Amino acid sequence: GAGVSQSPSNKVTEKGKDVELRCDPISGHTALYWYRQSLGQGLEFLIYFQGNSAPDKSGLPSDRFSAERTGGSVSTLTIQRTQQEDSAVYLCASSLFGGSNTGELFFGEGSRLTVL
Amino acid sequence: QQQVKQSPQSLIVQKGGISIINCAYENTAFDYFPWYQQFPGKGPALLIAIRPDVSEKKEGRFTISFNKSAKQFSLHIMDSQPGDSATYFCAASRGSRLTFGEGTQLTVNP
């Protein structure tokens, strides 16, 4: 498909386990974003990639969270030693440009993480 | 400085009525103000956006009104339809980071 693809769509894990969430952005989009959406809440910014570098990762809530992007395409968000408060929908978005010309963000359908 | 405050949290409107959602911001450096629409189980999708050099933008039944001096902007949905039932998020940005409001759950009754 031509949209942003995220996997897995649902992940249930036990407290203390590590999880990896994957994002395939729209081909050619240079900017990639991770947001977190808790039940009934707004979207919380986590990290922004321009190409393979992350000029803004100030939204990562703790050092248990990390993300990387390779080949200017696929990105992985890793959460180590998961806690129950990490339960949320993790949304990935991409845009054609970043920086001052961000414009429209195209979102995936999200990965729903449940930590038991 | 980075917050965007949105109201109401939920809104119920009759079919054919006008839905109005309001947002306020603090950071005067914001220069891009989009509205996103989200259906259950889907990611948000851009609905309409405005830059602060204009006071109003209309696309079909959707209009953004922007008041720069008051640091407020609002979304008006004319002739609301049941298919408009969704969660709406306002947002603001300068540069690469979009800051979102808390969302408004809109229900349009038939």
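Preceding block: the structure.
The paragraphs below set out a description of the structure included in this document. (Residues numbered from 1 in each chain as written. Chains lettered and ligands numbered in written order. Predicted model: local features only at pLDDT ≥ 70, side-chain atom pairs only at ≥ 80, totals over all residues. Heavy atoms only, no water.)

Structural notes on the overall build of chain A
A count of helices and strands for chain A gives zero helices and 11 strands. Counted from the first residue to the last, chain A has its helices and strands arranged as β-β-β-β-β-β-β-β-β-β-β. At 13 Å, chain A has a C-alpha radius of gyration in line with the 13 Å of a compact globule built from 116 residues. Seen through its C-alpha atoms, chain A measures out along the principal axes to roughly 40 × 30 × 30 Å. When the 116 residues of chain A are sorted by exposure, 47% land in the buried category. Within chain A, counting contacts between residues at least 6 apart in sequence, those at least 24 apart form 56% of the total. Accessible surface, chain A as shown: approximately 5500 Å² in total, 46% of it carbon and sulfur. Taken as two groups, the 10 positive and 12 negative side-chain charges of chain A have centres that lie 4 Å from each other. (Helix = DSSP H or I, 4+ residues; strand = E, 2+ residues; numbered from the N terminus. Rg over C-alpha atoms; globule rule 2.2 N^0.38 Å. Buried < 20%, exposed > 50% of the residue type's maximum accessible area, 1.4 Å probe, protein only. Contact = heavy atoms within 4.5 Å. Areas by Shrake-Rupley, 256 points an atom, 1.4 Å probe, with all protein chains shown as cover. Lys, Arg positive; Asp, Glu negative; His and termini not counted. Charge placed at Lys NZ, Arg CZ, Asp CG, Glu CD.)

Thoughts on the overall build of chain B
Across its full length, chain B holds zero helices and 11 strands. Reading chain B from its N end, one meets helices and strands in the order β-β-β-β-β-β-β-β-β-β-β. For 110 residues, the compact-globule formula gives about 13 Å, and the C-alpha radius of gyration of chain B, at 13 Å, lands near that figure. Across its three principal directions, the C-alpha atoms of chain B cover 40 × 30 × 20 Å. When each of the 110 residues of chain B is scored for burial, the buried share is 45%. Of the contacts formed within chain B by residues at least 6 apart in sequence, a portion of 53% connects residues at least 24 apart. As displayed, chain B offers around 5300 Å² of accessible surface, 48% of which is attributable to carbon and sulfur atoms. If the 11 positive side-chain charges of chain B are averaged to one point and the 8 negative ones to another, these points end up 3 Å apart.

Considerations on a nonpolar patch on the surface
Nonpolar side chains collect at one region of the surface, where Ile18(B), Ile20(B) and Met78(B) lie side by side and expose about 240 Å² of accessible area between them. Judged by relative accessible area, which is 46%, Ile18(B) ranks as partly exposed. (Patch = residues over 30% accessible without salt bridge, like charges linked within 9 Å, V, L, I, M, F, W, Y side chains within 5 Å. Salt bridge = Lys/Arg side-chain N within 4 Å of Asp/Glu carboxyl O.)

Description of the sheet that holds strand β3 (residues 19-24) of chain A
All names here are of chain A. Pairing within the open sheet is antiparallel, and its four strands lie in the order β1-β3-β8-β7. The sheet is open, and its two borders are formed by β1 (5-7) and β7 (65-69), each paired with just one other strand. Sheet twist, expressed as the average angle between the axes of neighbouring strands with direction ignored, equals 15 degrees. Of the strand pairs in this sheet, β1 and β3 are connected by three bridges, and their pairing is antiparallel. The residue of β3 that forms the bridge with Gln6 is Cys23. (Pairing = 2+ DSSP bridges. Axes fitted to C-alpha atoms, helices over the stretch in contact; angles between N-to-C directions.)

With respect to the nonpolar core
By size, the foremost hydrophobic cluster in this structure holds 24 residues, and its most contacted members are Phe33(B), Trp35(B), Phe73(B), Leu75(B), Tyr88(B) and Leu106(B). Mapped by element, the contributors of at least two residues to this core are β2 (10-14), β3 (19-25), β4 (33-38), β5 (45-50), β7 (62-67), β8 (72-77), β9 (86-94) and β11 (104-109) of chain B. Considering every element that reaches this core, the biggest residue donor is β9(B), with four residues. Ile26(A), Phe49(A), Cys92(A) and Leu113(A) belong to the second largest nonpolar core, which has 19 residues in total. (Core = buried A, V, L, I, M, F, W, Y, C linked by side-chain atoms within 4.5 Å.)

Focus: the state of the cysteines
All names here are of chain A. With the rule as written, the count across this model stands at two disulfides over all chains. Each sulfur in the disulfide pair Cys23 and Cys92 lies 1.9 Å from the other. Between Cys23 and Cys92 the disulfide shows an S-S torsion of about -65 degrees. By sign, it is left-handed. Note that Cys23 is positioned in strand β3 and Cys92 in strand β9 (residues 88-95), a separation of 69 residues in sequence. For Cys23, a relative accessible area of 0% translates into the label buried. (Disulfide = S-S within 2.5 Å.)

Here's the deal with the packing of aromatic side chains
Scanning all chains against the criterion turns up 16 aromatic pairs over all chains. Ring centres of Tyr25(B) and Phe33(B) lie 4.9 Å apart, and the angle between their planes is 45 degrees; this geometry places the pair in the tilted category. Taking relative accessible area as the criterion, Tyr25(B) reaches 5% and is therefore assigned buried. One aromatic cluster is present, formed by Tyr35(A), Phe45(A), Phe107(A), Tyr36(B), Phe89(B) and Phe100(B) through successive ring pairs. (Phe/Tyr/Trp six-rings, centres within 6.5 Å; stacked < 30°, edge-to-face > 60°.)

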